[in-house]
Amino acid sequence: MTEKILILDFGSQYTQLIARRIRELQIYAEIVPYNKEIVLDDNIKAIILSGSPFSVKEEKALHIALDTIAGKKPILGICYGAQYMANYFGGKVERSQKREYGKANLADFQQEDPFLRGISPGSQVWMSHGDTIVALPEQFELLAGTASIPVAAFRSKSGAFDQPMYGIQFHPEVTHSLEGLKLLSNFAVDIVGCKGNWTPGSFINQIVGELKEQIGGEKVLMALSGGVDSTVGAALLQKAVGDQLHCFFVDNGLLRKDEYANVLESYKGMGFNITGVDARELFWNALKGVSDPEQKRKIIGKAFIDVFEENAARFKGEGIQWLGQGTIYPDVIESVSVHGPSVTIKSHHNVGGLPEKLKMKIVEPLRMLFKDEVRKVGRAMQLPEHILNRHPFPGPGLAIRILGDITPEKVTMLQEADAIFINNLKKYNLYEKVWQAGTVLLPIRSVGVMGDERTYEQTVALRAVNSMDGMTAEWSRLPYDFLAQVSSEIINNVKGINRVVYDISTKPPSTIEWE
């Protein structure tokens, strides 16, 4: 049995960080939409109510029947979750005169409590709210405030509920709350009683057992990309079902320079039953004249499925019924919004782009893991470091790094420019200091001068970011001399490009990829 903390998501930009921090404590945390029907089985040890962009005082506030879960499991409300808790049980929540956003310090500790054990008076926390709790319900009591607000932390009174309830106005999940991880540990370990035994090894044992039961004696078809996600996913499937797994590596015409040959070579000796498939013309023809990024993703998703189904037919009589995918948790989170499809950030070709009438069932061994957790699992399985350290590469490939329509000529141009960027990162020992890097071909031309001639050619943007899990990212501070070197090499060696720019946007508000 895997102990689990359930996080009810009310739409906060920080919700995924709550899960990340809980998992750092080696406790499995799972995010579900606030309005999803849940069964509080023995695996669920506690519930966390996330923040939200909404106010509990608005007509469009997001609601749950809190009394149906109160007292059944320990509950921690964060920001909106705390305000909702206070408002629901009869306290008073008011709109603040001004939004409180930024650093604050805990003060006025009212009493001893396991939740605040080891927390320093004056500890820095991070606020992001427009409502303030001005009066607690009678079933609750104050733990701490700040200089700006009277209620920063509170708890249910002894005996008020069968299980304790806590609320905090600030966000312990962000790094600006300096002792936030300690607070979460106090709740999850000391109060809830979680053992903290969710490790890479325990995950491997659990998922391999689940895969054996799920797949049985049927066959699995899986595409490999050369990246960490698909490789670790295939390794788990191979461990579970052995030679029932058939792997393909598809050249979709949207790979990096020489990637097709290099990836097939890298899998030699790993025991995968792998076949290379040249499908460049299929993808290029399907994408011809298409500029909309969502349409590109869905076309590529369908084309991948078409290729898989066509190649599955090669194994007549072997009963291939499953399609394995390297879907990871950020793909799932970004493709499913608590507010419905209208605000989904983007479709992922391996989540939102699948056709409704798929002839194979889907198996996704990594669906609940963040990127860094996938790498930890790979290391526990002793997979090669050159694969585990490979930068993430989008499933749709260069199609979403070519803004506008796709042509073979544009693909070649971008491949050459990108190879110069990536090879220089490796040459100057910067590759492993960057989480993800790539080059984007922009749909604009600009004037340049080469020799005595005027040029009117294309622009590429270099993108390099640092991140833990891909859900948030900071742009990488690459040396100016390095960027100048890369720019010069691209302009001098790639025909058709006369300008190079560097993207210094963070996620959020930007995304890592441009499309």
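Residue indices follow the written sequence of each chain, beginning from 1 at its first position. This being a predicted model, a pLDDT of at least 70 is required before a residue's local features are given, and a value of 80 or more before pairs of side-chain atoms are given or counted; all residues contribute to the totals for chains, interfaces and linings. Where side-chain values are given, they derive from all heavy atoms of the structure, hydrogens and water being excluded.

### Observations regarding the packing of aromatic side chains
Working definition: an aromatic ring pair is given by the centre-to-centre distance plus the angle between the planes.
Inference 1: In summary, the pairing rule links any two rings of Phe, Tyr or Trp, Trp by its six-membered ring, whose centres are within 6.5 Å, and it sorts them by plane angle into stacked for under 30 degrees, edge-to-face for over 60 and tilted for everything else. Enumeration over the complete set of coordinates arrives at 21 aromatic pairs.
Inference 2: When the ring of Phe89 is compared with that of Phe140, the centres are 5.8 Å apart and the planes differ by 45 degrees; the resulting orientation is tilted. Here the residue Phe89 occupies a position in the loop between helix H2 (80–88) and strand E5 (92–107), and Phe140 occupies one in strand E7 (residues 140–146), the gap between them amounting to 51 residues.
Inference 3: Taking the relative accessible area as the measure of exposure, Phe89 reaches 17% and is therefore buried.
Inference 4: Plain terms: the ring middles of Trp198 and Phe203 are 6.4 Å apart, the flat faces sit at 80 degrees to each other, and that makes the pair edge-to-face. This pair shows no difference in class: Trp198 is buried, exactly as Phe203 is.
Inference 5: Taken together through their ring pairs, the aromatic side chains of Phe10, Tyr34, Tyr80, Tyr84, Tyr88, Phe89, Phe140, Phe154 and Phe161 make up a single cluster.
Inference 6: Note that Lys426 overlies the ring of Tyr431, its terminal NZ or CZ placed 5.0 Å from the centroid. Helix and strand assignments come from DSSP, with helices taken as H or I runs of at least 4 residues and strands as E runs of at least 2, each series counted from the N terminus. Three exposure classes are used, based on accessible area relative to the maximum for each residue type with a 1.4 Å probe and protein chains only: buried under 20%, partly exposed in between, and exposed over 50%. In our convention, an over-ring charge means Lys NZ or Arg CZ found within 6 Å of a ring centre and within 35 degrees of that ring's normal.

### Here we look at the sheet that holds strand E10 (residues 219–223)
Inference 1: Ordered by their spatial adjacency, 5 strands build an open sheet running E12-E11-E10-E13-E14, and the pairing between neighbours is parallel. The open sheet has two edge strands with one neighbour each: strand E12 (274–278) and strand E14 (361–363). Taken over all neighbouring pairs, the strand axes of this sheet differ in orientation by 30 degrees on average, direction set aside.
Inference 2: By this definition, two strands are paired if DSSP reports at least two bridges between them. In the sheet, strand E13 (residues 320–324) pairs with E14 via 3 bridges, with the strands oriented parallel. Its bridge partner lying in E14, Leu323 is registered against Ile362.
Inference 3: Strands in contact with helix H8 (residues 293–312) are E10, strand E11 (245–251), E12 and E13; relative to E11, the strand with the most contacts, it is inclined by about 130 degrees. Angles shown run from 0 to 180 degrees and are taken between the N-to-C directions of axes, each axis being a line fitted to C-alpha atoms and, for helices, limited to the stretch in contact. Any two residues whose heavy atoms approach within 4.5 Å are treated as being in contact.

### Re the environment of Glu294
Inference 1: Secondary-structure assignment places Glu294 in helix H8.
Inference 2: Assessed through its relative accessible area of 28%, Glu294 is described here as partly exposed.
Inference 3: The spacing of Glu294 and Cys194 is 100 residues in sequence and 41 Å in space, taken between C-alpha atoms.

### Some thoughts on the pattern of salt bridges
Inference 1: Any Lys or Arg side-chain nitrogen located within 4 Å of an Asp or Glu carboxyl oxygen qualifies as a salt bridge. Applying the stated rule across the entire model yields 24 salt bridges.
Inference 2: Asp131 is paired through a salt bridge with Arg95; the nearest N and O atoms lie 2.7 Å apart. With Asp131 in strand E6 (residues 124–135) and Arg95 in strand E5, this pair connects stretches of sequence that are 36 residues apart.
Inference 3: Salt-bridge contacts for Arg280 lead to Asp278; the nearest nitrogen and oxygen are separated by 3.0 Å.
Inference 4: Looking at Arg280, the relative accessible area reads 35%, which means it is partly exposed.
Inference 5: By relative accessible area, Asp278 is classed as partly exposed at 49%.

### Things to note about empty space enclosed by the protein
Inference 1: Lining residues are defined by having an atom within 4 Å of a point belonging to a cavity or pocket. Those points lie on a 1 Å grid over the protein atoms alone, cavities being sets where a 1.4 Å probe fits but cannot get out and pockets being open sets with protein on both sides within 12 Å along at least five of seven lines. Grid points are joined across faces, edges and corners, and a volume is the space filled by probe spheres set on the points. The tally for this structure, following the rule as stated, stands at 2 cavities of 30 Å³ or more.
Inference 2: Approximately 60 Å³ is the volume attributed to the second largest cavity.
Inference 3: Contributing to the lining of the second largest cavity are Arg401, Gln436, Ala437, Gly438, Thr439, Val440, Arg463, Ile512, Glu513 and Trp514.
Inference 4: At 5 residues, strand E15 (residues 436–450) tops the list of elements feeding residues into the lining of the second largest cavity.
Inference 5: Any residue outside Ala, Val, Leu, Ile, Met, Phe, Trp, Tyr, Cys, Pro, Asp, Glu, Lys and Arg is labelled polar, Gly included; the first ten of those are nonpolar and the last four are charged. Residues of the lining of the second largest cavity, tallied by class, amount to 4 nonpolar, 3 polar and 3 charged.

### Topic: the layout of surface pockets
Inference 1: As a volume, the second largest pocket reaches approximately 510 Å³.
Inference 2: In terms of lining residues, the second largest pocket is bounded by 20 residues, among which Glu259, Asn262, Arg390, Ile422 and Lys426 are the most central.
Inference 3: Breaking the lining of the second largest pocket down by element, the ones donating at least two residues are helix H6 (259–266), helix H11 (385–388) and helix H12 (408–427).
Inference 4: Looking at which element gives the most residues to the lining of the second largest pocket, the answer is H12, with 5 residues.
Inference 5: Looking at the lining of the second largest pocket residue by residue, the classes come out as 5 nonpolar, 6 polar and 9 charged.

### Looking at the side chain of Asn186
Inference 1: As for its position among the elements, Asn186 is in helix H3 (residues 180–191).
Inference 2: With a relative accessible area of 0%, Asn186 lands in the buried category.
Inference 3: Excluding residues that lie within four positions of it along the chain, Asn186 makes contacts with Pro114, Phe115, Leu116, Arg117, Ile119 and Ile191.

### What to know about H3
Inference 1: With 12 residues, H3 extends 15 Å from end C-alpha to end C-alpha; this agrees with the ideal 16 Å at 1.5 Å per step.
Inference 2: Those residues of H3 that fall on the buried side of the exposure criterion are Gly180, Leu183, Leu184, Ser185, Asn186, Phe187, Ala188 and Ile191.
Inference 3: Buried-residue contacts for H3 involve strand E1 (4–9), helix H1 (15–24), strand E3 (44–49), strand E4 (75–78) and strand E9 (165–168).
Inference 4: Looking one or two residues beyond H3, the residue adopting positive phi is Gly193, at roughly 90 degrees. Here a helix's expected span is defined as the number of its residues, less one, multiplied by 1.5 Å.

### Focus: the nonpolar core
Inference 1: Here the nonpolar core consists of buried residues drawn from Ala, Val, Leu, Ile, Met, Phe, Trp, Tyr and Cys, with membership extended through side-chain atoms lying within 4.5 Å. Phe308, Phe421, Leu425, Leu478 and Ile490 are the most contacted members of the largest nonpolar core, which totals 52 residues.
Inference 2: Each residue touching Phe308, except ones within four places of it in the same chain, is listed here: Leu221, Ala223, Val250, Leu323 and Met360.
Inference 3: By size, the runner-up hydrophobic cluster in this structure holds 40 residues, among which are Ala19, Leu76, Ile119 and Ile168.

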